[in-house]
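Architecture at a glance
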Amino acid sequence: MELQQELDNTHSMFIELIQNRLNWSVETERYEMAARLRDLIEYETTEDENTKNKYYLQLLNKYAPDFYEIVKHKYK
């Protein structure tokens, strides 16, 4: 139980760190980085595994189309 709580705390801290970096990216007008961080936050905070897998495929297709072609059949 302690390990799960530690993992949850670490994940929360990770999300908070990404959110802070997202805010900085917007403030400094680094919008492409902000969009990628926004997508990462969405992916990391999605609980449902089916939705998460679909979103993962969308992100791969968007950011790594070559890799998407290799792995897309594993998630369908």
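The structure contained in this document is the topic of the report that follows. Worth saying up front: this structure is predicted, and the values here are computed from it rather than measured.

1. Let's talk about unusual backbone geometry
Here the phi dihedral of Glu29 falls at roughly 60°; this positive angle occurs in a residue that is not glycine. Its location among the elements puts Glu29 in the loop between helix 1 (2-27) and helix 2 (31-45). Under the relative-accessibility criterion, Glu29 is labelled exposed at 58%.

2. Details of the packing of helix 1 against helix 2
At a minimum axis distance of 8 Å, the contact between helix 1 and helix 2 shows a crossing angle of 160°. As far as their axial angle goes, helix 2 and helix 1 are roughly antiparallel. Handedness of the crossing formed by helix 1 with helix 2: left-handed. Together, His11, Phe14, Ile15, Ile18, Gln19, Arg21, Leu22, Trp24, Ser25 and Val26 of helix 1 and Tyr31, Met33, Ala34, Leu37, Arg38, Leu40, Ile41, Glu44 and Thr45 of helix 2 make up the contact between the two elements.

3. Some remarks on the nonpolar core
By size, the foremost hydrophobic cluster in this structure holds five residues: Ile18, Leu22, Ala34, Leu37 and Ile41. If you list the elements that add at least two residues to this core, you get helix 1 and helix 2. When residues in this core are grouped by element, the largest group, three residues, is from helix 2. Beyond its immediate chain neighbours, meaning those up to four positions away, Ile41 contacts Ile18, Gln19 and Leu22.

Cut-offs and rules
Residues numbered from 1 in each chain as written. Predicted model: local features only at pLDDT ≥ 70, side-chain atom pairs only at ≥ 80, totals over all residues. Heavy atoms only, no water. Helix = DSSP H or I, 4+ residues; strand = E, 2+ residues; numbered from the N terminus. Buried < 20%, exposed > 50% of the residue type's maximum accessible area, 1.4 Å probe, protein only. Axes fitted to C-alpha atoms, helices over the stretch in contact; angles between N-to-C directions. Parallel < 35°, antiparallel > 145°, perpendicular 65-115°, else oblique. Left-handed = near helix turned anticlockwise from the far one by under 90°. Contact = heavy atoms within 4.5 Å. Core = buried A, V, L, I, M, F, W, Y, C linked by side-chain atoms within 4.5 Å.

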